[in-house]
There are 2 protein chains.
Amino acid sequence: MLDSAEQGLTLSDRAYETTLRHLRPALLKAHFALARSPRQVLVIVSGSDGAGKGELVHRFNEWLDPRAVATQAFWDHSDEEEERPHFWRFWKAMPGAGKVGIFFGSWYTRPIIDRVTKARRKREFVPELDRIVEFERMLAAGGVQVVKLWLHLTKDAQGRRLKELAKAGRLGPNDRAHFKAYDRFREVSERALEQTNHPAAPWHVVDATDRRHREVTCGKLVRAALESAVESSAAEAKAKRTRSKKPAPAPSPARAYAPGASLLDAVDLSQRLTVAAYEREMPRLQERLSRLAWAARDAHRATVLLFEGWDAAGKGSAIRRVTQAMDPRLYRVVGIAAPTEEERAQHYLWRFWRHVPRDGRITIFDRSWYGRVLVERVEGFAPVADWDRAYGEINAFERQLTDHGMALAKFWIHVSPAEQLKRFKERQRVAWKQHKITDEDWRNRKKMPAYREAVEEMLARCSPAEAPWTVVAGNDKRFARVQILRTVIERLERAL
Amino acid sequence: MLDSAEQGLTLSDRAYETTLRHLRPALLKAHFALARSPRQVLVIVSGSDGAGKGELVHRFNEWLDPRAVATQAFWDHSDEEEERPHFWRFWKAMPGAGKVGIFFGSWYTRPIIDRVTKARRKREFVPELDRIVEFERMLAAGGVQVVKLWLHLTKDAQGRRLKELAKAGRLGPNDRAHFKAYDRFREVSERALEQTNHPAAPWHVVDATDRRHREVTCGKLVRAALESAVESSAAEAKAKRTRSKKPAPAPSPARAYAPGASLLDAVDLSQRLTVAAYEREMPRLQERLSRLAWAARDAHRATVLLFEGWDAAGKGSAIRRVTQAMDPRLYRVVGIAAPTEEERAQHYLWRFWRHVPRDGRITIFDRSWYGRVLVERVEGFAPVADWDRAYGEINAFERQLTDHGMALAKFWIHVSPAEQLKRFKERQRVAWKQHKITDEDWRNRKKMPAYREAVEEMLARCSPAEAPWTVVAGNDKRFARVQILRTVIERLERAL
């Protein structure tokens, strides 16, 4: 792919000025239109050292409306970043709706450099590139237009350019070392570009020898991306309007999942634990968990626990039995309710990424990203295409956590409809429990069959070997709590 | 103050249960009322090791509505935190409107431990405590109710308690070492408590020997704080309603500042630079700045540049001349527009704290926290009491930046009204500048006298020796840009 950008194309000063006279107002116009849309455009600026990437970033900041541009450089990493999965730092910097994000460096930087220096083996490099494609596909499907620019220089051109930069005191700290490895860089980059050149986010390789040529070329590419983002946003809005006002509950599309034996029915809800057994068992389990939480910290091992379940299944009280065993310095409980404005302006997974724990810490999610395939599916908040795609996206997200070495446990607390009814009524009776029961709970209860179908599909499609669901028999709270603590302990012991 | 909590108070199981039957619904009721108000309550849990701080945190999470509680432990620090002023980590964790924040550890933890281990000298300790008082006063004035709990144990009680914890595997990593230094801890804590016991955020020292006694005592204190926050919020809302609907521009209150000679009039706006001089000078300055930006990174020295000025004064183009000289990996430009929902739910300084650069990096603010004493003052968005207090709060904020070793430069770009008019008209003519001129610019222009008064007062009251304003003669853009670059260079050279 790089050959195509070695023709030494140039642009005269005059042609540059003439083009800009049209390009700049067009860029601004498209940017303002984008600002009123729910779309994001992400421009990735990568390529050879000395190819003018920094200058190009400056130019975009000059040409676009600076108030709606977020520029972010990815370079050296803080320990907060090192201690989380690789993609965390990019999620953190993701532009919100209507914004243009300019990434100077990206998820390509580290894999390529590591491969050049042989810090990463080929058999790690190839799957890493696949993960990148998967990630970019997910962004594109979520409304993020990704523009990937690769500014290319021949070896001669790079040599000349670095000399100029050195004279002006503008040489980056690694530029010289990278130049020595030019051939290796070219080979590794070519490999990366080829494997990650997919329709949802194709590469644009730009001949970067001439400043005017590369700037105008990149400017035009960004303009096209802005306009296409605005267009598809308008088309989507139109499609939404023409759909019936109140859509019937979305029918399941044709898909890989074939509903088989019920995973919920397989749970023996009659399982119980006596008070005596519980009072003997619980303190022992909590003590063991307490020691494990400290051991996980010493081993720099992060943990994610996630709780879902029917209303009144006892999520809150189960979580408290877990947290009671842990030093508050080690864990955080994140309750998932309606998203905030900043969260709504982002991909739906963004608000979960922001709470991913660093090494040695524990995050407990009280409800989670599974809302996408539960409440958003059943209530019709997300179109079928969105929630159906979410199973794969969620599996990919969790794989990033487990690949980083995290322990992950996911609990669905199951109760029978009769037990739920009993608890609803009890909540209405006890003064400090009344806030826990609302009209919505009663409404949800009526939709149980639809929820049940969604739960079954979720359990079946999102239980890979590294991140299986644990369905908890919740009719007896004591039994459920002990089962949960045992599972957390078992998961932590396996991870350590 | 600690003596008062050494009486070994206890509570019977029965009295505990009876109290809780009233306390828990009352706590929840107050918490729900708070959730509907714009107030925050911040509970600081501190005190002796082994005094049950962790248990108490768990209890609050049980008693309150967990969806509106944010618990945060302050303990070991990431490099992201180490490389910013001490208060940054607390700002980052601040609960939003309607929320209860529970801080396990706080801004007291580090000063006290450092003083106990003599890592910090007494003559640093005392002013640090003063800064804490200043900070807490500011939070209180901004609507944050701070509840400071100190759980106290006698030496004997602590010894017994640590033995129990060791047996249960729940001893924290430093507990033993701290116990050895019990007497010293007591002395230093007593000193800290006395100096920081002020009416805006008084200390509550709690006898922590008996679990039931300490939990009920702390529960009641939090209840009182919640109720008082809700009450004062209601009182404030009422006062707002009874004020005239459209208040006249707020009159300046009696205050220390006496308008003297005009600082704006003192600027010689006739200063100009020829094209030839500019083209000779600018590249030289940019080269110097480029080297300095790298040197600042190597020296782990952070920089904050802040730009304010009349509409069309040339802030944007001046910022671009600065950023062109710097590697995009080193700086971020933060444009300040209307706050987001998450930002509106916080103290007005929160959204600036979140952008404070780490060591070695540069943040450039295009508009800034001075909006509080400019647009918010002139347009009446903030009541007089709020913006009048802001001068001191802003000085304290900037002192924290400079105390941390940051280079800070603040620019007010001044242009004459005639020059502004000329530029407004030009913006209307040029296609890619039209977006820069709106009806609001014309409205603001009419309010120039009021803005002028606000600017003069800001320049006079917020120019301490470590963080003075630079008023830039902006009628000639070339002159202004060169003046700005020179100032940035001079400030960086002084800091390095």
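Residues numbered from 1 in each chain as written. Chains lettered and ligands numbered in written order. Predicted model: local features only at pLDDT ≥ 70, side-chain atom pairs only at ≥ 80, totals over all residues.

Thoughts on the overall build of chain A
Here is the rule: Starting at the N terminus, helices and strands are each numbered in turn, a helix being any DSSP run of H or I of at least four residues and a strand any DSSP run of E of at least two. The exposure scheme places C-beta atoms from the backbone and then counts, for each residue, the other C-beta atoms within 10 Å of its own, assigning buried at 20 or more, exposed at 12 or fewer, and partly exposed in between. In this description, any two residues whose backbone-derived C-beta atoms lie within 7 Å of each other are considered to be in contact.
Across its full length, chain A holds 20 helices and ten strands. A principal-axis box enclosing the C-alpha atoms of chain A has dimensions of 85 × 55 × 40 Å. Within the span of chain A, comprising 496 residues, buried residues form 38% of the whole. Long-range contacts, defined as pairs at least 24 residues apart, comprise 83% of the intrachain contacts of chain A with a sequence gap of at least 6.

Section: the relation of the copies chain B and chain A
Put simply, the rule is: What sets the superposition is a least-squares fit of C-alpha atoms, and only residues with pLDDT of at least 70 in both copies go into it.
Superposition of chain B onto chain A requires a rotation of 180 degrees combined with a translation of 0.0 Å along the rotation axis, giving an RMSD of 0.0 Å. The superposition operator between the copies reduces to a two-fold rotation axis. The residues that chain B uses at the interface reappear at the interface of chain A in 98% of cases, marking a shared surface.

Here's the deal with the interface of chain B and chain A
Counted only if it meets this: Note that Gly is not counted as nonpolar here; it falls among the polar residues with everything else outside the nonpolar set of Ala, Val, Leu, Ile, Met, Phe, Trp, Tyr, Cys and Pro and the charged set of Asp, Glu, Lys and Arg.
On the chain A side, the residues contacting the 43 residues of chain B number 43 residues. Broken down by secondary-structure element, the contributors of at least two residues to the side of chain B that touches chain A are α1 (13-35), α2 (53-63), β2 (69-73), α3 (79-82), α11 (275-298), α12 (315-323), β7 (331-335) and α13 (341-344) of chain B. Residue composition of the side of chain B that touches chain A, grouped by class: 14 nonpolar, 13 polar and 16 charged.

Notes on the packing of helix α5 (residues 109-116) of chain B against helix α9 (residues 182-195) of chain B
All names here are of chain B. Note the following rule: In this analysis, axes come from line fits to C-alpha atoms, helices being fitted only over the stretch in contact, and the angle between any two N-to-C directions falls in the range 0 to 180 degrees. Reported orientations rely on four angle classes, namely roughly parallel under 35 degrees, roughly antiparallel over 145, roughly perpendicular from 65 to 115, and oblique for the rest. In this scheme the handedness of a crossing depends on how the near helix is turned from the far one: anticlockwise by less than a right angle means left-handed, clockwise means right-handed.
Viewed as axis vectors pointing N to C, α5 and α9 meet at an angle of 135 degrees, and their least axial separation amounts to 9 Å. Relative to α9, the element α5 lies oblique. The chirality of how α5 crosses α9 is right-handed. In this structure, α5 uses Ile112, Arg115 and Val116 to contact α9, whose residues at the interface are Arg184, Phe185, Val188, Ser189 and Ala192. Looking at side-chain class alone, the contact of α5 with α9 contains five nonpolar, one polar and two charged residues.

Things to note about the packing of α11 of chain B against helix α20 (residues 477-495) of chain B
Residues and elements named next belong to chain B. Between α11 and α20, the shortest axis-to-axis distance is 10 Å and the interhelical angle comes to 30 degrees. Classified by the angle between their axes, α11 and α20 sit roughly parallel to one another. The element α11 and its partner α20 pack so that their crossing is left-handed. Of the residues in α20, those touching α11 at Tyr278, Glu281, Met282, Leu285, Gln286, Arg288, Leu289, Leu292 and Ala296 are Arg478, Val482, Leu485, Arg486, Val488, Ile489, Leu492 and Glu493.

Here we look at the domain arrangement of chain A
Residues and elements named next belong to chain A. Inclusion rule: Where each domain begins and ends follows an automated or database-derived domain assignment.
Partitioning chain A into structural domains gives domain 1 (2-238) and domain 2 (275-495). Relative to domain 2, the C-alpha centre of domain 1 lies at a distance of 38 Å. Taken residue by residue, the interface counts 17 residues in domain 1 and 16 residues in domain 2. Of all elements in the fold, only α4 (88-92) and α6 (122-141) reach the threshold of two or more residues within the side of domain 1 that touches domain 2. At four residues, α6 tops the list of elements feeding residues into the side of domain 1 that touches domain 2.

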